[in-house]
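# Coordinate analysis (summary)
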Amino acid sequence: MDFDLVVRNGTVVTASDIWESCDIGVKDGTIVAVGPRLPAAPGAQEIDAEGAFITPGGVDAHVHLSQATTVGVDIDHSIITNGKVPDPENFVGDTFDTGTRSAIAGGTTTVITFASQMKKDESIIAVIEDYHKLAKDQSYCDYAFHVIITNPTPQIVEDEFPRMVDEYGITSVKLYMTYKPLKLLDYQILDVMYSARKLGITTMVHAENADVIDWMTQHLEQKLMTHPYHHGTSRPPIVEAEATNRVICLAELMDTPILLVHISGGPATKHIRDAQTRLLPIYGETCPQYMFLLADSMRKGDFEGAKCICSPPIREDKSDQDAIWAGVKNGTFTIVSSDHSPSKFNHPNGKQRGLKDGNLPYGKFRLVPNGVPGVETRVPLLFSGGVLSGRISPQKFVEVTSTNPAKLYGLKKKGSIAPGFDADLVIWYSQTKFQPFKLTNEMLHHDVDYTPFEGIEFKNWPRYTIIRGKVVFSHGEVVGEMKYGQYIRREQSLLPGPRDIWLSEWRP
């Protein structure tokens, strides 16, 4: 057969099956055959998987790249960049080139990032266009966009949402129930849901009760309880749980599918599970930081714990962590994403911003940019700490890191190993040939000066990352080209949507 690439002798894993001693045939970047002992013409590239696992390339559906932080900063208009990150010396996160370089080094082949509307932006079209310029020719992996909505005017939800879907292939939006520069009122959330339902848009929601957080933060500061650890004190699990339940109610009223992003605790997980039991199209996302870390990570040193400040916070009680793992295993969590949203630690505009307003040496957690790096470690953490530890099956790993993100967000050719799908593959090391190691930040490929997962032991790591039939990462080295990544226009979600079941006589 006429293949460009044949991967031989692998243990191929999909979300439903495991096939041993299996080959994968690739032509023009697409999988065309899967089976034993595939014949190949002379000249075809061949890779011996040595019996190791082969999984679909990771799809990380929650990644912040080339995006300025808004927490603790008074920004209400987007800055037109024309494709250049403004003031790069003071940019503290990852750009498309550094972030996607890091992604492929950890087995992620597709990322979905965020074009972010600011509060006084009167159009999202200009925001999308400018974000395209930031990404063009800057990505090592394939990519798509969500749009963060902070000012859902009638013009935007009625006129620009259809253009967003039809012209740009963007079929998801993200809403915030917290953060002053970003949060929406319930009335505004309903406006977005109303339009999203008509257009087949998936609505993502960051669910935390903003008023409770503001009240708690003010009273903690009065008691000088501003150490990084008290970021978690200001946001106990009930803050996430209340907002999660509230937005599920709004979604049921509108009969529209939503995804609750980066769920961190047991109470919110239970609300999602209860809604799913009632067959509502409610989907859940969690992240490795809630599966592998506890709040003690924010207690380190006087201020070093700021490295692990993210929202919702990493939880203190192991029962919350156990609930997250249970939710991954029982299907409550549809996807596991990284929420890669880093800020450098040793930079005055990064995490050090928390030291600018007194109460030294602890600083004020309120001023610390939220977010942790994780786009490179997500897939290896779930494989090593999930599959190889026996906590989840190989099929579940594939489901939550690749197949379900692709289905949820309309990436029809991503997320599985089967004829017709893009040849996005991760070839792991044979366990007998891999030497476990403890992670240090110097091993990673992002542009951030720390990792919250420092010191965790990894029992395997991707040996090859392949995107559309091309090897882009091999034996610890990035060998792909920055311009190789392609923008992907997405379709509607392939997971269940509206049910046409209503709570009253009102209909849209």
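Scroll up for the structure.
In short, a report on the structure. The residue numbering used here restarts from 1 in each chain and proceeds along that chain's sequence as written. Side-chain atom pairs in this predicted model are given and counted only at pLDDT of 80 or more, local residue features only at pLDDT of at least 70, and totals for whole chains, interfaces and linings cover all residues. In computing side-chain values, all of the structure's heavy atoms are included and hydrogens and water are not.

## Focus on the overall build of the chain
This is how the line gets drawn: Counting from the N terminus, the helices are the DSSP runs of H or I reaching at least four residues and the strands are the DSSP runs of E reaching at least two. The globule rule is 2.2 Å times the number of residues to the power 0.38, and the radius of gyration it is compared with is taken over C-alpha atoms. Three exposure classes are used, based on accessible area relative to the maximum for each residue type with a 1.4 Å probe and protein chains only: buried under 20%, partly exposed in between, and exposed over 50%. In this analysis, two residues are considered to be in contact whenever any of their non-hydrogen atoms come within 4.5 Å of each other.
The secondary structure content of the chain amounts to 12 helices and 19 strands. For 508 residues, the compact-globule formula gives about 23 Å, and the C-alpha radius of gyration of the chain, at 22 Å, lands near that figure. Overall, the C-alpha framework of the chain stretches about 70 × 55 × 45 Å when taken along its three principal axes. Scored against the burial criterion, the 508 residues of the chain give a buried share of 60%. Within the chain, contacts between residues separated by at least 24 positions form 79% of all contacts whose residues are at least 6 apart in sequence.

## Some remarks on the nonpolar core
Defined as follows: By convention a nonpolar core is built from buried Ala, Val, Leu, Ile, Met, Phe, Trp, Tyr and Cys residues, the set being connected through side-chain atoms within 4.5 Å.
Membership of the largest hydrophobic core comes to 103 residues, with the highest contact counts inside it found for Phe161, Met164, Leu260, Ile282 and Phe397. Excluding residues that lie within four positions of it along the chain, methionine 164 makes contacts with Ile124, Ile128, Val147, Gly169, Ile170, Val173 and Ile201. Of all hydrophobic cores here, the second largest spans 20 residues; its members include Ala61, Phe114, Tyr176 and Tyr179.

## What about empty space enclosed by the protein?
The following threshold applies: With a 1 Å grid spanning the protein atoms alone, the term cavity applies to any set of points in which a 1.4 Å probe fits but cannot get out, the term pocket to an open set with protein on both sides within 12 Å along at least five of seven lines, and the term lining residue to any residue with an atom within 4 Å of a point. Grid points are joined across faces, edges and corners, and a volume is the space filled by probe spheres set on the points. Residues are grouped as follows: Ala, Val, Leu, Ile, Met, Phe, Trp, Tyr, Cys and Pro are nonpolar; Asp, Glu, Lys and Arg are charged; all remaining types, including Gly, are polar.
The full count for this structure, using the stated rule, is two cavities of 30 Å³ or more. Quantified by volume, the second largest cavity comes out at close to 40 Å³. When grouped by side-chain class, the residues that make up the lining of the second largest cavity number three nonpolar, five polar and one charged.

## A short note on the packing of aromatic side chains
Keep this limit in mind: Pairing of aromatic rings covers Phe, Tyr and Trp, the last counted by its six-membered ring, and requires centre-to-centre distances within 6.5 Å; plane angles under 30 degrees mean stacked, over 60 mean edge-to-face, and any other angle means tilted.
By the definition in use, this model includes 20 aromatic pairs. Their ring planes at 10 degrees and their centres at 3.9 Å tell us that phenylalanine 383 and tryptophan 428 sit as a pair that is stacked. With a gap of 45 residues between them, phenylalanine 383 in helix α11 (residues 378-387) and tryptophan 428 in strand β14 (residues 425-428) connect regions that are remote in the sequence. Just as phenylalanine 383 is buried, tryptophan 428 falls in that class too.

## Side note on the pattern of salt bridges
Convention followed: When a carboxyl oxygen of Asp or Glu is within 4 Å of a side-chain nitrogen of Lys or Arg, the pair counts as a salt bridge.
Under the counting rule described, the total for this entry stands at 30 salt bridges. Across the pair aspartate 60 and arginine 378 runs a salt bridge whose closest N-O atoms are separated by 3.6 Å. Of this pair, aspartate 60 sits in strand β6 (residues 58-60) while arginine 378 sits in helix α11, and the two are 318 residues apart along the sequence. Given the relative accessible area of 0%, aspartate 60 is considered buried. If you follow the salt bridges from partner to partner, you end up with Asp142, Lys413, Lys414, Asp422, Asp424 and Arg468 in one network.

## Describing the pairing of strand β8 (residues 142-148)
The cut-off we apply is this: Here a strand pair is declared whenever DSSP counts at least two bridges between the two strands. Handedness of a crossover: with both strands directed away from the viewer, a clockwise path from the first strand across the helix to the second marks it as right-handed.
When you tally the buried positions in β8, you get seven out of seven residues, the bulk of the element. Residues Asp142, Ala144, His146 and Ile148 point to one face of β8 and Tyr143, Phe145 and Val147 to the other, with burial holding for every one of them. Inspection of the sheet shows strand β7 (residues 108-116) paired to β8 by seven bridges, in the parallel sense. Bridge pairing in β8 places valine 111 opposite tyrosine 143. Regarding topology, helix α2 (residues 125-135) serves as the crossover connection from β7 to the parallel β8, and that connection is right-handed. Pairing geometry for β8 and strand β9 (residues 172-176), over two bridges, is parallel. Considered in β9, the bridge of valine 147 is made with valine 173. Regarding the hand of the β-α-β motif, the stretch spanning β8, helix α3 (residues 154-168) and β9 is right-handed.

## Topic: the packing of helix α8 (residues 266-277) against helix α10 (residues 318-330)
Which entries qualify depends on this criterion: The angle between two axes is taken between their N-to-C directions and runs from 0 to 180 degrees, where each axis is a line fitted to C-alpha atoms and a helix contributes only its stretch in contact. Orientation is classified from the angle alone, with under 35 degrees giving roughly parallel, over 145 giving roughly antiparallel, 65 to 115 giving roughly perpendicular, and any other angle giving oblique.
α10 packs onto α8 with a crossing angle of 25 degrees between their chain directions and a minimal axis gap of 8 Å. With respect to α10, the axis of α8 lies roughly parallel. Residues Gly266, Pro267, Thr269 and Arg273 of α8 touch α10, and the partners they reach there are Asp320, Ala323, Ile324 and Asn330. Taken together, the residues that form the contact of α8 with α10 break down as three nonpolar, three polar and two charged.

## Some thoughts on the environment of isoleucine 213
Within the secondary structure layout, isoleucine 213 lies in helix α5 (residues 210-222). Considered as a pair, isoleucine 213 and serine 234 are 21 residues apart in the sequence and their alpha carbons are 5.8 Å apart. Residues contacting isoleucine 213, with those up to four places away along its chain left out, are Thr178, Glu208, Ser234, Arg235 and Val239.

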